[in-house]
Amino acid sequence: SFIDAIGGPFWIAANAFGNVKKYNIGISVINIITLPTMYFLLKFDVYPPIVYLSKFIISFCVQIFRFNYVHRKLKFSKIKIINYIKSVITGFILILLSYILFIQYLQEEFFVYQIVFVIVAEFILILSFYKLLEEKEKLLFKSLFIKLFK
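Residue indices follow the written sequence of each chain, beginning from 1 at its first position. Reporting of local features is limited, given that this is a predicted model, to residues whose pLDDT is at least 70; pairs of side-chain atoms are given and counted only at 80 or more, and all residues count toward the totals for whole chains, interfaces and linings. Note: side-chain values were computed over all heavy atoms of the structure, leaving out hydrogens and water.

**Looking at the overall build of the protein**
Logical step 1: Under the DSSP-based scheme used, a helix requires at least four consecutive residues in state H or I and a strand at least two consecutive residues in state E, with every element numbered from the N terminus. A tally of regular secondary structure across the protein gives eight helices and zero strands.
Logical step 2: Each helix (α) and strand (β) of the protein, taken in turn from the N terminus, gives the series α-α-α-α-α-α-α-α.
Logical step 3: To sort residues, take the accessible area from a 1.4 Å probe on protein chains only and compare it with the maximum for the residue type: under 20% means buried, over 50% means exposed, and anything in between is partly exposed. Of all 150 residues assigned to the protein, the portion counted as buried reaches 23%.
Logical step 4: Contacts are residue-level and defined by heavy atoms, with any inter-residue pair within 4.5 Å sufficient. Sequence-distant contacts, at least 24 apart, represent 64% of the contacts inside the protein between residues at least 6 apart.
Logical step 5: Surface exposure here means Shrake-Rupley accessible area, sampled with a 1.4 Å probe, where a residue is shielded only by the protein chains that are shown. A total accessible area of about 11600 Å² is found for the protein, and carbon and sulfur atoms account for 73% of it.

Following this line, the structure appears as structure tokens:
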């Protein structure tokens, strides 16, 4: 579902083009492959995590379709695509690390959990600011922050 979640900007772009019908048909055709694929894998007693992996692969194919569809309309540069993918992967890794820390300290005292949660949340916020935002976005955020606390 993480891969599906990053498809939002592409859906909005498809709406902006006014060509939602072709976009939704493409996405639906790829997604409908999920059910028969999982059915046959489970019918032939494939190891369940492999079945889950098949859904991941199909979601990845949907994302490739989204990239190609929007790229044909917008003709954006490969550098922007690579930066977008880097920011998404970085965000995913940060969330995964915070989840691992959450699980690790879940069995500890509640107070320790709260402290760890606050530290991890601040770390993610600071790292996101410096690694995921472009310079224009950083300047906008700083100006809003200054106005808020003046």
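**What about a positive patch on the surface?**
Logical step 1: Patch membership requires over 30% relative accessible area and the absence of a salt bridge. Like charges are linked within 9 Å, and nonpolar side chains (Val, Leu, Ile, Met, Phe, Trp, Tyr) within 5 Å. Note on definitions: salt bridges are taken to be side-chain nitrogens of Lys or Arg within 4 Å of carboxyl oxygens of Asp or Glu. When charges are counted, Lys and Arg contribute as positive and Asp and Glu as negative, whereas His and the chain ends are disregarded. Each charge is placed at NZ for Lys, CZ for Arg, CG for Asp and CD for Glu. Judged by side-chain charge, Lys 22, Arg 72, Lys 73 and Lys 75 come together as a positively charged surface patch.
Logical step 2: Along the chain, the position of Lys 22 falls in helix 3 (residues 20-32).

**Some points on the nonpolar core**
Looking at soluble globular proteins, one finds that nonpolar side chains tend to be buried together.
Logical step 1: Core analysis: the biggest nonpolar cluster contains 10 residues, these being Tyr 23, Ile 27, Ile 30, Ile 58, Val 62, Phe 67, Tyr 69, Val 70, Phe 76 and Ile 81.
Logical step 2: Mapped by element, the contributors of at least two residues to this core are helix 3 and helix 5 (48-74).
Logical step 3: Ranked by residues supplied to this core, first place goes to helix 5 with five residues.
Logical step 4: Contacts of Ile 30, omitting those with residues within four sequence positions, involve Ile 58, Cys 61, Val 62 and Phe 65. We define the nonpolar core as a collection of buried residues of types Ala, Val, Leu, Ile, Met, Phe, Trp, Tyr and Cys that are connected through side-chain atoms lying within 4.5 Å of one another.

**Concerning the packing of aromatic side chains**
Logical step 1: Any two rings among Phe, Tyr and Trp, with Trp reduced to its six-membered ring, count as a pair given centres within 6.5 Å; such a pair is stacked if its planes are under 30 degrees apart, edge-to-face if over 60, and tilted if neither. One pass over the structure, following the stated rule, counts one aromatic pair.
Logical step 2: Ring geometry for Tyr 39 against Phe 40: centres 5.4 Å apart, planes inclined by 70°, an arrangement best described as edge-to-face.
Logical step 3: Owing to a relative accessible area of 44%, Phe 40 belongs among the partly exposed residues under this scheme.

**Quick look at helix 5**
Logical step 1: With 27 residues, helix 5 ought to run about 39 Å at 1.5 Å a step, and its terminal C-alpha atoms sit 39 Å apart, in line with that.
Logical step 2: Along helix 5, the positions that sit buried rather than exposed are Val 51, Ser 54, Ile 58, Ser 59, Val 62, Gln 63, Arg 66, Phe 67, Tyr 69 and Val 70.
Logical step 3: Phi turns positive one or two residues past the end of helix 5, at Lys 75, with a value near 55°. To estimate the expected span of a helix, count its residues, drop one, and scale the result by 1.5 Å.

**Digging into the environment of Thr 37**
Logical step 1: Checked against the element boundaries, Thr 37 lands in helix 4 (residues 34-43).
Logical step 2: It is 8.2 Å that separates the C-alpha atoms of Thr 37 and Val 51, two residues lying 14 residues apart in sequence.

**Some words on a nonpolar patch on the surface**
Logical step 1: A contiguous nonpolar patch, built from Ile 85, Ile 89, Phe 92, Ile 93, Leu 96, Leu 97 and Ile 100 and spanning about 580 Å² of accessible area, is present on the exposed surface.
Logical step 2: By the element assignment, Ile 89 lies in helix 6 (residues 78-105).

**Let's talk about the confidence of the model for the protein**
Logical step 1: On average, the protein scores 76 in pLDDT, and the residues at 70 or more come to 79%.
Logical step 2: Confidence scores per residue from the predictor, reported as pLDDT, run from 0 to 100. When mean pLDDT is taken per element in the protein, helix 4 scores highest with 89 and helix 1 (residues 2-5) scores lowest with 62.

**A short note on unusual backbone geometry**
Logical step 1: Even without being glycine, Asp 45 reaches a positive phi, approximately 55°.
Logical step 2: In this fold, Asp 45 is placed in the loop between helix 4 and helix 5.
Logical step 3: For Asp 45, a relative accessible area of 68% corresponds to the exposed category.

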